[in-house]
Amino acid sequence: MQFTFDVLANIRAMAQKHIENNTLEDLNKIPEGFNNNIIWNIAHMVVTTQVLAYKLSGLPMVVSDEMIGKYKKDSKPEGDVTQAEVDEINGLLISTMKQLEADYKAGVFKNYTEYTVSTTGNTLRSIDDVLPFDLVHEGMHYGYILALSRAVKG
């Protein structure tokens, strides 16, 4: 599973570069033909992993209910995020990934409520199903981030 955590860390680090290399305006911009923006995709990655790994395992999440509401599946940006929100998302991007790895290695994920993901139609039955799926999910959203970055820079 270490390889999975290493890839996840790399995806998160690449996403973090987009936060660092874009203005607040660029992070919030929704280009023509898109229904979300760079910062929404990054926050969605954080929220989705928290929900799939922690909530469905019956464990406390470190993201707020408000954040989950703003970035969960089928949500879309309702307005511009502030620099303070970007800073929070940036911090959570790395801290939550490190905590996930530590918690996995500590064996805290004992129970799991099965969940069928709409993306691929697969049913997640344990944390060992969540982690490989999470790589697919984050890779897909990183692709959106790349496309949005190109469209924003025009």
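Numbering of residues starts from 1 in every chain and runs along the sequence as written. Side-chain atom pairs in this predicted model are given and counted only at pLDDT of 80 or more, local residue features only at pLDDT of at least 70, and totals for whole chains, interfaces and linings cover all residues. The side-chain quantities take in all heavy atoms of the structure and omit both hydrogens and water.

Student: How should the environment of Tyr-142 be read in this particular structure?
Tutor: Only runs of H or I of at least four residues qualify as helices and only runs of E of at least two qualify as strands under DSSP, and these elements are numbered from the N terminus. With respect to the helices and strands, Tyr-142 occurs in helix 6 (residues 127–153). Beyond its immediate sequence surroundings of up to four residues, Tyr-142 is in contact with Ile-11, Met-14, Ala-15 and His-18. We call two residues in contact when some of their heavy atoms are within 4.5 Å.

Student: For this particular structure, what's the right way to read the pattern of salt bridges?
Tutor: Counted as salt bridges are all cases of a side-chain nitrogen of Lys or Arg within 4 Å of a carboxyl oxygen of Asp or Glu. By the definition in use, this model includes five salt bridges. The residue Lys-70 makes a salt bridge to Glu-85 at a minimum N-O spacing of 2.7 Å. Here Lys-70 is found in helix 4 (residues 65–71), whereas its partner Glu-85 is found in helix 5 (residues 83–106), with 15 residues between them in sequence.

Student: Explain the environment of Tyr-54 to me, please; I cannot follow it from the model alone.
Tutor: Take Tyr-54: it is sitting in helix 3 (residues 38–54). Residue Tyr-54 is classed as buried on the basis of its relative accessible area of 4%. C-alpha of Tyr-54 to C-alpha of Val-108: the two residues are 54 residues apart in sequence and 9.6 Å apart in space. If sequence neighbours within four positions are ignored, Tyr-54 has contacts with Thr-49, Leu-59, Pro-60, Met-61, Gln-99, Leu-100, Asp-103 and Phe-109. The cut-offs for exposure are 20% and 50% of the maximum accessible area for each residue type, with area from a 1.4 Å probe on protein chains only; residues under the lower value are buried, those over the upper are exposed, and the others partly exposed.

Student: Looking at this structure, I do not really get the packing of helix 1 (residues 2–20) against helix 3. What am I missing?
Tutor: For any two helices packed against each other, the geometry comes down to the angle between their axes and how far apart the axes lie. Interaxial distance between helix 1 and helix 3 falls to 10 Å at its minimum, and their mutual angle equals 150°. The element helix 1 and its partner helix 3 pack so that their crossing is left-handed. Here Ile-11, Arg-12, Ala-15, His-18 and Ile-19 of helix 1 come into contact with helix 3, specifically with Ile-38, Ile-39, Ile-42, Met-45, Val-46 and Thr-49. Side-chain classes are defined by residue name, with Ala, Val, Leu, Ile, Met, Phe, Trp, Tyr, Cys and Pro counting as nonpolar, Asp, Glu, Lys and Arg as charged, and the others, Gly among them, as polar. Taken together, the residues of the contact of helix 1 with helix 3 sort by class into eight nonpolar, two polar and one charged. In this analysis an axis means a line fitted to C-alpha atoms, helices contributing only their contacting stretch, and an angle means the value between N-to-C directions, from 0 to 180 degrees. The crossing is said to be left-handed when, going from far helix to near helix, the turn is anticlockwise and less than a right angle, and right-handed when the turn is clockwise.

Any functional reading would require information beyond the geometric quantities listed.
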